[in-house]
Amino acid sequence: MLSLRNKMQRLIQNSRPAQWFWAFFGISAIIRLIMVVRLVHPWWDASVYQGMARYIASGGLYGTWELFRPPLWPLILSVFSGLGPIALEWIAKIITLILSLGIIYLVYKIGEKIKPWVGVVASVLISISAPFLTFSVVPMTEIPSLFLITLAIYYFIENKYFLTGIITGLACIMRFP
């Protein structure tokens, strides 16, 4: 009879990293979807960004504006502000969720360029980290800016320097350093 360790070694040897990644990616997506639908009061900063989006969309008639906040996230949300504050909050959460899954995928792709299985391990580690998991469904600037930074690193590794520069600039106006 094979020991558990031998069974695990055989399982890993007979499978490809992509299979493990996609299985874990699916589990991670389900966990984040559950987190989105749970009842949570909005965070203050998230509400301010949505208020700034309403300010942009209304031409300054409604909402609020704070000069020290970065402008890109409210500008993106302003496209959806005509749907109402509740819909805007849900759309912002869904955008944040999609970008968090994009970060997990990009970390996997970057890691796989280093060595097989590095991408799987790196994507699992970032996905289960408490701050990343928490902010994956909070519609603030952390996840969108991290997505842009990770995308810039990916393009840098791909030797696409112009795109790297553009995306790094977008990351700076998404979340001030």
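Check the entry above for the structure.
Residues numbered from 1 in each chain as written. Predicted model: local features only at pLDDT ≥ 70, side-chain atom pairs only at ≥ 80, totals over all residues. Heavy atoms only, no water.

J.: It is not clear to me how helix α3 (residues 44-57) should be interpreted in this structure. Could you clarify?
T.: One turn of an α-helix holds 3.6 residues; hence residues three or four places apart share an orientation. A rise of 1.5 Å per residue sets the reference length of α3, with its 14 residues, at 20 Å; its end C-alpha atoms lie 20 Å apart and thus fit the reference within 8%. Along α3, the residues classified as buried are Ala46, Val48, Tyr49, Gln50, Gly51, Met52 and Ala53. Those residues of α3 hidden inside the fold are in contact with α4 (72-78) and α5 (85-114). Within two residues after α3, Gly59 carries a phi angle of roughly 70 degrees, on the positive side. (Helix = DSSP H or I, 4+ residues; strand = E, 2+ residues; numbered from the N terminus. Expected span 1.5 Å × (residues − 1). Buried < 20%, exposed > 50% of the residue type's maximum accessible area, 1.4 Å probe, protein only. Contact = heavy atoms within 4.5 Å.)

J.: Would you take a moment to explain the environment of Trp22 for this structure?
T.: For Trp22, the location among the structural elements is in helix α2 (residues 17-37). You can call Trp22 partly exposed: its relative accessible area is 46%. Put simply, Trp22 and Val137 are 115 residues apart on the chain and 21 Å apart in space, counted from C-alpha to C-alpha.

J.: Would you take a moment to explain the pattern of salt bridges for this structure?
T.: Pairing between side chains becomes possible if they bear opposite charge and their charged atoms approach one another. Tallying each qualifying case throughout the model produces five salt bridges. With its nearest N and O atoms 3.9 Å apart, the salt bridge here joins Lys93 to Glu89. With a gap of four residues between them, Lys93 and Glu89 both fall in helix α5, about one helical turn apart. Judged on exposure class, the residue Lys93 and its partner Glu89 are both buried. Among the charged side chains, a salt-bridge network with shared partners connects Asp45, Glu66 and Arg69. (Salt bridge = Lys/Arg side-chain N within 4 Å of Asp/Glu carboxyl O.)

J.: Got a minute to help me understand the side chain of Lys93 in this structure?
T.: Lys93 gets classed as buried once you look at its relative accessible area, which sits at 10%. In this structure, Lys93 is in contact with Val36, Val40, Val137 and Pro139, ignoring residues within four places of it in sequence.

J.: Help me out: how do you make sense of helix α6 (residues 118-128) in this one?
T.: Of the residues making up α6, those classed as buried are Gly119, Val120, Ser123 and Ser127. The arc enclosing the buried residues of α6, seen along the axis, measures out at 100 degrees, which places them on a common side. Away from its buried face by more than 90 degrees, α6 exposes Leu125 and Ile128. Of the surrounding secondary structure, the elements contacted by the buried residues of α6 are α2, α5 and α7 (130-135). (Arc of directions from axis to C-beta.)

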